[in-house]
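The chain contents come next:
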Amino acid sequence: MELLPRSPGEFGSARYWDRFFRQRGQRPFEWYGAFPELCPVLHKYVRPRDKVLVVGCGNSELSEQMYDVGMCEDIVNIDISDAVIRQMQERSGSTRPKMSYLLMDVLQMDFPDAHFQVVLDKGTLDALLTDEEEATIAKVDQMFAEISRVLQVGGRYLCISLAQAHVLKKAVEYFSQEGWVVRVHQVASNGDKQQFVLPVFVYVMTKFRKIPGSAPQILEICPEEQDKPMRMESTERLVAAVKDRQHYALLCSQISKNPCREQVSLDLCDKGSGKPRYTLHVVDSPSVKPSRDNHFAIFIIPQGRETEWLFGTEEGRRQLAASAGFGRLLTVALHREQHYEGMGGIQAELSGKVMELAPPGLPARQQVPFLSVGGDIGVRMVRHCDTSPLSGEYVVEDVKGDGSCYFRRLIFLCNRNVVQSEARLLAPTALQGQKKRRKDKKKPSPAEPPGAIDKSYLCCEHHKAMVAGLCLLGGPDALPGELAVLVVGLGGGSLPLFVHDYFSQARVAVVEIDPSMLEVATHWFGFSQGDRMQVHISDGLDYVAKLAAEGTISQSIPAQYDAVMFDVDSKDLMVGMSCPPPAFVEKPFLQKVKSILKPAGVFVLNLVCRDARLKESVLATLRDVFPLLYARRIEGEVNEILFCQPSPEGRRDPAELGARARALEGALRQPGRPWDSSYVLADMLQAVHIL
């Protein structure tokens, strides 16, 4: 401990380094980065005929190793410590005649201008730039100016560093403003135990003549796993990219030593585009008793199924890991913008990277299994993608579910893990081309007719519950006959389509704020308008307010409705409620909703709220407006369906609700009309309770 400085400022003191090296003796001191790890990077930028200057050489073996392997021999080493220079002259003077050691301060060097092709710095900048005080920054500026002076045009300043944010930012900003090309290499680890948890980086600053005016900056990063540099558009993005790699190294170090108490999530990005390619979740199961063969496994989630409860929620992944019987399960989700060469290709691509996330105690050379559902990676075909001014980027995609079922989904990319709308396809013919990738990589045409939609099947459990809520309509013995239904929020149109098709006397009005969604629903989800189905492009808030104020908008729209259904998402992801937008559950607006309901009508609300306080506030407001309030939780989801009635006289006990549900289902199941046998209305209402 006596070798450590009393303050960071002593790192720049010759007296401190003299004492350091006298006490340490002849043992070489390497700050970080062993020569075998650094060699692949140095070899790219140091040529045998180059004249190399090593600043702050200390008693590191780096120069000697470069000399001995023939990388370069004309090497000048300088340091401010007289003790270490004498030590190194004795150690290398007779065996390496072309290499010299000089007592010299990097802040004031005696070399002529443009004397070197390479300046090599291993830890000197890190030792000098210990803080961002004015005096420290002035010293660093002086060091950079001297390095720039002694380097030839085309020469390289190679700085080996731990890349603290302020150190990297200072170096990048200084040299890029001078017109130099800046490239940052991450040094590949050799897999042995490291002195530092954080990775080592090499900044490569190549000197160019400064061009008058505002020449574009050239900033690049080379991650350890690839040779091809990635262009960064700003210093901030470069610093952020380095920080991401530091965080990843820290994460790997932590979870390799200790079990994960909480699930860890991270993205692995595509080398070319920089976009996420894999999303990984590390799930530990403390209840699993470890043995040689059950330490670690990788589970590839089939394409398109990452939103399912088992794969898309913490509880689901925890259950998956426990049932798989492994101490640590790494789940891997595949992204829709990427192409994958089957399970074998994914395994080859991930094998090295996932081992960095292995649990403590994994036996050496342990074979780690790759698992999946049915042994394949699933099927996903993007049928259409576009951008809406209101909803942002979205995609329509066909995916394979369990067995032979195929589904069409609408996904808003601002919330890519949530299925906005879903419909079952009657036949998978539209997906046949996915099994073999076309050589011309031709994308499916938006004008191509969509596959046949199974309109009898409601994919979303919350839609099934919302339809079941219509059992609350009518008198004690009556079932819904002629209905006036208002649906706010179209999406793919599955909910209004089902009500229209199965309630043959229902007149359905749909309000949708985004005209793009009407095009999507019509072209890709089999939606159509007619005498009993009309879509109004309007803000739901304005539409309901106008109905409440005027009593009627047109002859085809009633003043009051039997049912009003809200299934509208919020675009504000910062609010803890994703459905509906907060304005839709404010008391003045809810009173307007109540005013357009018939006395025995029902207001059905799809509520998705993760904020417990906000949810309780919404429920309290609903209770203030509606005397009768039922709730139905959707198992495995955040959704809760609320059935609100304007009169307490409509209250029904569970037995009556069950009887009405069975009677309604019997009425809806007509000969020749398809019906999903798994959809039992009475089951939907079993878990309903009065709030």
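Residues numbered from 1 in each chain as written. Predicted model: local features only at pLDDT ≥ 70, side-chain atom pairs only at ≥ 80, totals over all residues. Heavy atoms only, no water.

Caption draft 1: Main features of the nonpolar core. Phe-503 and Tyr-679 are the most contacted members of the largest nonpolar core, which totals 47 residues. Residues within four places of Tyr-679 in sequence aside, it is in contact with Leu-458, Lys-464, Val-467, Ala-468, Phe-498, Glu-665, Arg-669 and Met-684. In this structure, Leu-129, Phe-144, Val-184 and Met-205 belong to the second largest nonpolar core, which totals 43 residues. (Core = buried A, V, L, I, M, F, W, Y, C linked by side-chain atoms within 4.5 Å. Buried < 20%, exposed > 50% of the residue type's maximum accessible area, 1.4 Å probe, protein only. Contact = heavy atoms within 4.5 Å.)

Caption draft 2: Geometry of the pairing of strand S17 (residues 406–412). The buried fraction of S17 is high, at seven of seven residues. Burial of the side chains of S17 extends over both faces: Tyr-406, Arg-408, Leu-410 and Phe-412 are buried on one face and Phe-407, Arg-409 and Ile-411 on the other. In terms of strand pairing, strand S16 (residues 392–400) meets S17 through seven bridges, oriented antiparallel. Its bridge partner being in S17, Tyr-394 is matched across the sheet by Phe-412. Linking S16 back to S17 in an antiparallel pair, the connection comprises five residues, with Gly-403 at a positive phi of about 65°. Of the pairings in the sheet, the one linking S17 to strand S18 (residues 419–424) comprises five bridges and is antiparallel in character. Looking at S18, one finds that Arg-408 is bridged to Ala-423. (Helix = DSSP H or I, 4+ residues; strand = E, 2+ residues; numbered from the N terminus. Pairing = 2+ DSSP bridges.)

Caption draft 3: The packing of aromatic side chains, seen in detail. Here the structure, examined in full by the defined rule, presents 18 aromatic pairs. The residue whose ring lies beneath Arg-424 is Tyr-457, and the NZ or CZ to ring-centre distance is 3.8 Å. The ring centre of Tyr-457 lies 5.5 Å from the NZ or CZ of Lys-464, which sits over that ring. (Phe/Tyr/Trp six-rings, centres within 6.5 Å; stacked < 30°, edge-to-face > 60°. Lys NZ or Arg CZ within 6 Å of the ring centre and 35° of its normal.)

Caption draft 4: Spotlight on the sheet that holds strand S10 (residues 264–269). Taken together, the five strands give an open sheet; going across it, the order is S10-S11-S13-S12-S14, and neighbouring strands pair in mixed fashion. Because the sheet does not close on itself, it has two edges, and the strands there are S10 and strand S14 (370–372). Each strand of the sheet is rotated relative to its neighbour by a mean of 25°, with strand direction disregarded. Here strand S11 (residues 276–284) runs beside strand S13 (residues 328–334); their pairing, made up of seven bridges, is antiparallel. (Axes fitted to C-alpha atoms, helices over the stretch in contact; angles between N-to-C directions.)

Caption draft 5: Fine view of the sheet that holds strand S15 (residues 380–388). Ordered in space as S15-S16-S17-S18, the four strands form an open sheet in which the pairing is antiparallel. Two strands bound the open sheet, and with one partner strand each, they are S15 and S18. Shown here is a sheet whose adjacent strand axes are inclined to one another by a mean of 15°, direction ignored. Bridging between S15 and S16 involves eight bridges; their strand directions are antiparallel.

Caption draft 6: Just the state of the cysteines, in detail. The final tally for this structure, using the stated rule, is zero disulfides. No disulfide involves Cys-405; its nearest neighbouring cysteine sulfur is the one of Cys-459, lying 9.2 Å away. Taking relative accessible area as the criterion, Cys-405 reaches 30% and is therefore assigned partly exposed. (Disulfide = S-S within 2.5 Å.)

Caption draft 7: Empty space enclosed by the protein, seen in detail. Counted according to the given criterion, the structure contains two cavities of 30 Å³ or more. If you add up the space inside the second largest cavity, you get close to 50 Å³. Around the second largest cavity, the lining residues are Ala-423, Ile-453, Asp-454, Lys-455, Tyr-457, Ser-494 and Leu-497. Split by residue class, the lining of the second largest cavity holds four nonpolar, one polar and two charged. (1 Å grid on protein atoms, 1.4 Å probe; cavity = no way out; pocket = protein on both sides within 12 Å on 5 of 7 lines; lining within 4 Å. Points joined across faces, edges and corners; volume = space filled by probe spheres on them. Nonpolar A, V, L, I, M, F, W, Y, C, P; charged D, E, K, R; others polar.)

Caption draft 8: Quick peek at a nonpolar patch on the surface. A cluster of nonpolar side chains, Val-197, Leu-198 and Leu-250, forms an exposed patch at the surface whose accessible area comes to about 210 Å². Inspection of the secondary structure assignment puts Leu-250 in helix H8 (residues 235–257). A residue is classified by how much of its surface remains accessible, and Leu-250, at 35% relative accessible area, is partly exposed. (Patch = residues over 30% accessible without salt bridge, like charges linked within 9 Å, V, L, I, M, F, W, Y side chains within 5 Å. Areas by Shrake-Rupley, 256 points an atom, 1.4 Å probe, with all protein chains shown as cover. Salt bridge = Lys/Arg side-chain N within 4 Å of Asp/Glu carboxyl O.)

Caption draft 9: Focus on the pattern of salt bridges. A full pass over the atoms with the stated rule returns 33 salt bridges. A salt bridge links Glu-146 to Arg-149, with the nearest nitrogen and oxygen atoms 2.9 Å apart. With Glu-146 and Arg-149 both in helix H6 (residues 134–150) and three residues apart, the pair spans about one turn of that helix. For Arg-149, a relative accessible area of 25% puts it in the partly exposed group. One salt bridge connects Arg-318 with Glu-314, and the closest N-O pair in it is separated by 3.7 Å. In this pair, Arg-318 and Glu-314 both sit in helix H10 (residues 314–324), four residues apart, roughly one turn of the helix. For Arg-318, a relative accessible area of 36% puts it in the partly exposed group. A relative accessible area of 43% places Glu-314 in the partly exposed class.

Caption draft 10: Local environment of the environment of Ile-377. Mapped onto the elements, Ile-377 comes out in the loop between S14 and S15. In this structure Ile-377 comes out as buried when scored by relative accessible area, which is 9%. Here the alpha-carbon distance between Ile-377 and Pro-302, two residues 75 residues apart in the chain, equals 4.4 Å. The contacts of Ile-377, once residues within four sequence positions are left out, are Ile-300, Pro-302, Gln-303, Leu-334, Tyr-340, Gly-342, Met-343 and Ile-346.

Caption draft 11: Region of the structure containing the side chain of Lys-464. Along the chain, Lys-464 turns up in helix H12 (residues 461–468). Among all residues touching Lys-464, those that are not within four sequence positions of it are Leu-458, Asp-676, Ser-678, Tyr-679 and Met-684.

Caption draft 12: Quick look at the environment of Met-381. Its location among the elements puts Met-381 in strand S15. Judged by relative accessible area, Met-381 falls into the buried class, the value being 11%. For the pair formed by Met-381 and Val-399, sequence separation is 18 residues and the distance between their alpha carbons is 6.5 Å.

Caption draft 13: Inspection of H8 at higher detail. Here H8 contains 23 residues, and its C-alpha end-to-end distance of 34 Å stays within 8% of the 33 Å for a straight helix at 1.5 Å per residue. Every buried residue of H8 is accounted for by Thr-235, Leu-238, Val-239, Ala-241, Val-242, Gln-246, Tyr-248, Ala-249, Leu-251, Cys-252, Ser-253 and Ile-255. (Expected span 1.5 Å × (residues − 1).)

Caption draft 14: Structural detail: the packing of H6 against helix H7 (residues 165–177). One can describe the packing of H6 onto H7 by two numbers: an axis separation of 11 Å at closest approach and a directional angle of 50°. Accordingly, the angle class assigned to the pair H6 and H7 is oblique. In terms of crossing hand, the pair formed by H6 and H7 is right-handed. Along the contact surface, H6 presents Ile-137, Val-140, Asp-141, Phe-144 and Ala-145, while H7 presents Lys-170, Ala-171, Tyr-174 and Phe-175. Its residues assigned to classes, the contact of H6 with H7 shows seven nonpolar, no polar and two charged. (Parallel < 35°, antiparallel > 145°, perpendicular 65-115°, else oblique. Left-handed = near helix turned anticlockwise from the far one by under 90°.)

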